[in-house]
Amino acid sequence: REVRLLRRQTKTCLEFSLLEKHPCSRFIIAIGSNAVAFLSSFVMNSGVWEEIGCAKLWNEWCRTADSTLLSPSEAFCVFYQLKAHHSVILCQCSCYVAEDQQYQWLEKVFGSRPRKNMQVTILTCRHVTDYKTSESTCSLPSPFLKALKTENFRDQTCCSLLEQPNIVHDLPAAVLSYCQVWSLSAVLYLCYTDVMKLDLITVDAFKPVLSSRSFKGLVKNIPQSTEILKKLTTTNQIQSNIYT
Amino acid sequence: MFIPCGETFPDLSGFTLLMPAVSVGNVGQLAIDLIISTLDMCKIGYFYTDCLVPIVGNNPYATANENAAELSTNAEVYSLPSKKLVVLQLRSIFIKYKSKSFCEKLLCWVENSGCTRVIVLSSSHSYHRNDKQLCSTPFRYLLTPSMQKTVQNKIKSLNWQEMEKSPCIPEIEDSDLCVRVPGGGITKLLYDESCSKDIQMAVLLKFVSEGDNIPDALGLVEYLNEWLQIIKPHVQGDDPTASTLPWKIPSSWRLLFGSGLPPALF
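Analysis parameters
Residues numbered from 1 in each chain as written. Chains lettered and ligands numbered in written order. Predicted model: local features only at pLDDT ≥ 70, side-chain atom pairs only at ≥ 80, totals over all residues. Heavy atoms only, no water. Helix = DSSP H or I, 4+ residues; strand = E, 2+ residues; numbered from the N terminus. Rg over C-alpha atoms; globule rule 2.2 N^0.38 Å. Buried < 20%, exposed > 50% of the residue type's maximum accessible area, 1.4 Å probe, protein only. Phe/Tyr/Trp six-rings, centres within 6.5 Å; stacked < 30°, edge-to-face > 60°. Pairing = 2+ DSSP bridges. Contact = heavy atoms within 4.5 Å. Axes fitted to C-alpha atoms, helices over the stretch in contact; angles between N-to-C directions. pLDDT = per-residue confidence, 0-100. Buried area = accessible area lost by both parts, 1.4 Å probe. Salt bridge = Lys/Arg side-chain N within 4 Å of Asp/Glu carboxyl O. Polar contact = N/O pair within 3.5 Å; in protein donor to acceptor, adjacent residues only side chain to side chain. Nonpolar A, V, L, I, M, F, W, Y, C, P; charged D, E, K, R; others polar. Core = buried A, V, L, I, M, F, W, Y, C linked by side-chain atoms within 4.5 Å.

Draft legend 1. Representation of the overall build of chain B. Check the secondary structure of chain B and you find 6 helices and 14 strands. In terms of overall dimensions, chain B is globule-like: its C-alpha atoms have a radius of gyration of 19 Å, near the 18 Å expected for 266 residues. Considered along the principal axes of its C-alpha atoms, chain B spans approximately 60 × 50 × 45 Å. The buried share of chain B, taken over its 266 residues, is 53%.

Draft legend 2. The arrangement of unusual backbone geometry in detail. A:Pro143 follows A:Ser142 through a cis peptide bond whose omega is 5°. Tracing the sequence through the fold places A:Pro143 in the loop between strand 7 (119-127) and strand 8 (144-149). Positive phi values are uncommon outside glycine, yet B:Asp198 reaches one of about 60°. Looking at the secondary structure, you find B:Asp198 in the loop between helix 5 (187-197) and strand 12 (200-208). Even without glycine at this site, B:Leu255 takes up a positive phi of about 55°. Topologically, B:Leu255 is positioned in the segment after strand 14 (243-244). Residue class for B:Leu255 comes out buried when judged on its relative accessible area of 18%.

Draft legend 3. Structural context of the packing of aromatic side chains. Residues and elements named next belong to chain B. Tallied over the entire structure, the rule returns 22 aromatic pairs over all chains. Residues Phe139 and Tyr223 carry aromatic rings whose centres are separated by 4.7 Å and whose planes lie at 20° to one another, so their mutual orientation is stacked. Placement of Phe139 in strand 9 (residues 139-143) and of Tyr223 in helix 6 (residues 214-228) is noted, with a sequence separation of 84 residues between them. One exposure class covers both Phe139 and Tyr223, and it is buried. Taking 6.3 Å as the distance between ring centres and 85° as the angle between the ring planes, the aromatic pair formed by Trp160 and Trp227 counts as edge-to-face. Taken together, the residues Trp160 in the loop between helix 4 (145-157) and strand 10 (166-167) and Trp227 in helix 6 connect sequence positions 67 residues apart. With relative accessibility at 7%, the residue Trp227 sits in the buried group.

Draft legend 4. Focus on the sheet that holds strand 4 (residues 56-58) of chain B. Read across the open sheet, the 3 strands follow the order 9(A)-4(B)-5(B); overall the sheet is antiparallel. What marks the edges here is a single partner per strand, and that holds for strand 9 (167-168) of chain A together with strand 5 (71-72) of chain B. Pairing of strand 9 of chain A with strand 4 of chain B involves 2 bridges; the strand directions are antiparallel. Following the sheet pairing, A:Ile167 is matched in strand 4 of chain B by B:Gly57. Strand contacts of helix 4 (residues 170-181) of chain A: strand 9 of chain A together with strand 4 and strand 5 of chain B, with the helix running at about 65° to strand 4 of chain B, the strand carrying the most contacts.

Draft legend 5. Seen up close, the confidence of the model for chain A. Model confidence for chain A is summarised by a mean pLDDT of 85, while 89% of its residues fall at 70 or above. The low-confidence segment residues 70-74 of chain A, where pLDDT is below 50, has 9 contacts with residues more than four positions distant or belonging to other chains.

Draft legend 6. Main features of the interface of chain A and chain B. Opposite the 34 residues of chain A that make contact, chain B presents 27 residues. Surface buried jointly by chain A and chain B totals about 2600 Å² across both partners, of which 63% is contributed by carbon and sulfur atoms. The tally of links between chain A and chain B comes to 0 salt bridges. Connecting chain A to chain B are 10 residue pairs in polar contact (both at pLDDT 80 or more). For the side of chain A that touches chain B, the class distribution of residues is 16 nonpolar, 11 polar and 7 charged.

Draft legend 7. Region of the structure containing the nonpolar core. Membership of the largest hydrophobic core comes to 54 residues, with the highest contact counts inside it found for A:Leu19, A:Phe27, A:Phe79, A:Trp105, A:Phe110, A:Val120 and A:Val175. Residues in contact with A:Val120, not counting those within four places in the same chain, are A:Phe27, A:Phe110, A:Val175, A:Cys179, A:Ser185, A:Ala186 and A:Val187. B:Val24, B:Leu34, B:Ile36 and B:Met147 belong to the second-largest nonpolar core, a separate cluster that totals 40 residues.

Here's what the structure looks like:
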């Protein structure tokens, strides 16, 4: 259940934590298929992104038992750096990082003492039935966005804050806790949706974050992005339709 | 490890540490929530380890919009220097096989921090009670030998009931007797380790069943209050006997049993 950080091209393990080896001022992480599709379509389509490492792990939720062979579509958490601007690093995490692996993941990516002048942005989804409200969840206008921020995050969030008694679990919580404890500036944008699989409407719900400082200068061509997103979601739909 | 909110480590010498055990009904944790909320305690740091499941949320003790946006994590430390009280709140469960590691890290911090004593608020399954326990008060206490030396007289004056020993192996009649806290999570482990490390520790627990455990939490804090006198009762009107303790329910205790129901259900 070890989390290993390696460079796929050379198949070597990274000796230091990823962000110690590649310091940056902005670290954006997408967790889950919808968040990953959002970053792929709206951010990674502009500029040249170079892969700088990947985090490989196995747990009961993993689809593949093959832990030695990695192909681009099977990679677990992949890290990219903008070639022109080494100060931005993206992480696309489409796998589930189990609770006993989250701390390890943080150590391997952030290291034990992170640099304070880095802003972290986390994008993820949760099912709308997890959202506690005094109304019934049926009446909620899902998908909708909620935010959580650390004490040192001074900017405005693009949506309202997540009210108590709602809480966040899993890797997004682990990353945000780490940032809070070590006084980093970090924000989590959480999309509550009723479709956890890749879905156009859910991905679109992340759009307000494009105007935030975390994404400044990274988004060039929105219409093209929408096209890319449509292609991503259509491919998925065809594959899952077995009755025609 | 303890990570302070500010730049410096606070001086906790002579302080009493209150903490919950994650136990049946989460009574210890609810009780600690009541203490932090009522005393309006200030967050002084985090107890950051790899032992607890990570969770985050906004300020569970928010009283206004201004303080609602403070992020909270799974293990935080609060203090009230005027009463020499420091409180550790645990908000999630242990990761598998990590509870012993947590106890070690915690007790190491307690020894290094200068805290004089630790009080653990816990609970135990009410269905494990024997006949005698069924007929008596549901509250129990346990003291480590070093704690007994300092507070035995006070505890005696309160007429409290010590946690009875029970057979180590329940099915075997002539089994040795030992202290058991079924449903108490790390309570027994903390108690045993504190005995061997000579740490002054008291455990206060209540026999409970799972359900709406708010009344149990209120009961447990009032039990603690008999000893520590954390808050004084408010006398209502002219009748001195009709006094209540003004415990403040935290704002995060809303919707404990889920969201609202769809009207179409009815």
